[in-house]
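Residues per chain, in single letters:
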Amino acid sequence: QVQLVESGGGLVQPGGSLRVSCVASGSISSILTMRWYRQAPGHERELVATITSSGFTNYAESVKGRFTISRDNAKNTVYLQMNSLKPEDTADYYCNININNGITYSTYWGQGTQVTVSS
């Protein structure tokens, strides 16, 4: 069994910064690609950022230059540093991780952490 626990969401003013984290625990042999998604009220879930096992990163156009995804393999953790936040970044943020549990590869989701950008 694998669990993902997210933290770090909250309320921040426009132009501010926030970092969200996602820790994986349980039956983990190796961690492959890690992603952050977000879903705003009334909108579909969208991919925000991706980091592969080799460290290659990719970002949605709307967050390029403002958000940075990183990972700490020793801690089974993925981070999303969000700078210059805008009201339109308000959403629930979800981590999504591809994990090999020693038998098979599966994709797991975190429970979501709320980020609100408002003055």
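Report follows, based on the coordinates. (Residues numbered from 1 in each chain as written. Predicted model: local features only at pLDDT ≥ 70, side-chain atom pairs only at ≥ 80, totals over all residues. Heavy atoms only, no water.)

### Overview of the overall build of the protein chain
1) Next: Assigned secondary structure in the protein chain consists of 0 helices and 11 strands.
2) Next: Shown N-terminal to C-terminal, the secondary structure of the protein chain runs as helices and strands in the order β-β-β-β-β-β-β-β-β-β-β.
3) Next: When the backbone C-alpha atoms are referred to their principal axes, the protein chain occupies close to 45 × 25 × 25 Å.
4) Next: Evaluated residue by residue, the protein chain yields a buried proportion of 42% over its 119 residues.
5) Next: Put simply, 55% of the contacts in the protein chain that link residues at least 6 apart link residues at least 24 apart.
6) Next: Accessible surface for the protein chain amounts to roughly 6200 Å². Of this, 46% is attributable to carbon and sulfur atoms. (Helix = DSSP H or I, 4+ residues; strand = E, 2+ residues; numbered from the N terminus. Buried < 20%, exposed > 50% of the residue type's maximum accessible area, 1.4 Å probe, protein only. Contact = heavy atoms within 4.5 Å. Areas by Shrake-Rupley, 256 points an atom, 1.4 Å probe, with all protein chains shown as cover.)

Function-wise, these values are silent; they only describe arrangement.
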